[in-house]
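Residues per chain, in single letters:
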Amino acid sequence: MYHKSNQRRFVLYIASLILFLFTIFCPFNQSKAARSNAVVIKIKELAKDIQYPVITAGIKNKEVLNKINQSFLNHAKRIKKEDEKVKKQYEHDKLIGIPGPYYAITKPIIRFNQEHRLSVSFLDSTFTGGAHGNTYEEVYNYNINNGNRYHLDDIVRTPKQVDKVNRYIKKQLIKLKESGRYDIFLDEFTGIDTKKDQFYFYHDGFVMVFQLYQIAPYSNGIIHLKVPYSVFKK
């Protein structure tokens, strides 16, 4: 019971930290989004602590609507399958005294919902023993007109643009480190990966998502950094 209580408090702490950092760097104006080509979204629960969004209105093309909704449901199903797997593993591990319980959970956050674009983050958290759990943020960025998923190389398209973004991000990371609030590992940032890195839209650009340990210690959480279009589209 003691371990279970500690783990739950820890999960709440990490979730609060992520939302706090998001509030600082990337405030989301929902009222503005609601007026600008936004879709209507309902959050459903596939299993305990496994949630996913469902678009209920705002997309007339049923094929596009089903495609996007299915991707969200598939994500939740994948986490549910992982949860079942780690819980089964815990039934073995608890026999040798490893504290638990193990779990895999996910929570969606609507990052951007306007201008015919939708960005949804899934915060996937797992615990399989050890000092603490782990959280990964996976983002789905969609064009709601055709159902195509955006990737970073759809936004930052040329080597020159990539170079501008890299130099801008490095400057911002230096500022964060010098502020004393974040212990940024400056040498770990060698440039964005336009094929793999996670991002989401905001009105004037996109937001880079730096996962746990990617550029900072675990205690700094997932870091979100705005990159205005003006940085690389001049």
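Predicted, not measured: the structure shown is a model, and the values here were computed from it. (Residues numbered from 1 in each chain as written. Predicted model: local features only at pLDDT ≥ 70, side-chain atom pairs only at ≥ 80, totals over all residues. Heavy atoms only, no water.)

K.L.:
Pulling in residues and values, what's your account of the overall build of the protein?
P.N.:
The helix and strand tally for the protein stands at six helices and eight strands. The 234 residues of the protein split such that 47% are buried. The long-range share in the protein, meaning contacts at least 24 apart out of those at least 6 apart in sequence, stands at 60%. Accessible surface, the protein as shown: approximately 12,600 Å² in total, 53% of it carbon and sulfur. (Helix = DSSP H or I, 4+ residues; strand = E, 2+ residues; numbered from the N terminus. Buried < 20%, exposed > 50% of the residue type's maximum accessible area, 1.4 Å probe, protein only. Contact = heavy atoms within 4.5 Å. Areas by Shrake-Rupley, 256 points an atom, 1.4 Å probe, with all protein chains shown as cover.)

K.L.:
Tell me what's going on with the pattern of salt bridges, and back it up with residues and numbers.
P.N.:
Using the criterion set out here, one finds nine salt bridges in the structure. For the salt bridge of Arg117 with Glu115, the shortest nitrogen-to-oxygen distance reads 2.5 Å. Among the salt bridges present, the one from Asp183 reaches Lys177, with a minimum N-O distance of 3.3 Å. Judged by relative accessible area, Asp183 falls into the partly exposed class, the value being 40%. Look at Lys177 and you get partly exposed, because its relative accessible area is 34%. (Salt bridge = Lys/Arg side-chain N within 4 Å of Asp/Glu carboxyl O.)

K.L.:
Account for helix α3 (residues 62-93), with residues named and values stated.
P.N.:
The terminal C-alpha atoms of α3 lie 46 Å apart, and with 32 residues this matches the ideal 46 Å at 1.5 Å per residue to within 8%. Sitting at the amino-terminal end of α3 is Asn61, which places a side-chain oxygen 2.9 Å from the backbone nitrogen of Glu63. (Expected span 1.5 Å × (residues − 1). Polar contact = N/O pair within 3.5 Å; in protein donor to acceptor, adjacent residues only side chain to side chain.)

K.L.:
I'd love a proper account of the side chain of Asn143, names of residues and values included.
P.N.:
Within the secondary structure layout, Asn143 lies in strand β5 (residues 134-143). Sequence-distant contacts of Asn143, defined by excluding residues within four places in its chain, comprise His116, Asn148 and Tyr150.

K.L.:
I'd like a description of the side chain of Asp197, backed by residues and values.
P.N.:
Within the secondary structure, Asp197 sits in the loop between α5 (159-179) and β6 (198-202). Buried Asp197, no salt bridge; nearest opposite-charge side chain is Lys196, N-O distance 8.7 Å. Within the local environment of Asp197, its side chain forms a polar contact with the backbone nitrogen of Asp193, the two atoms lying 2.7 Å apart. In contact with Asp197, not counting residues within four places along its chain, are Leu152, Ile192, Met208 and Gln214. (Lys, Arg positive; Asp, Glu negative; His and termini not counted.)

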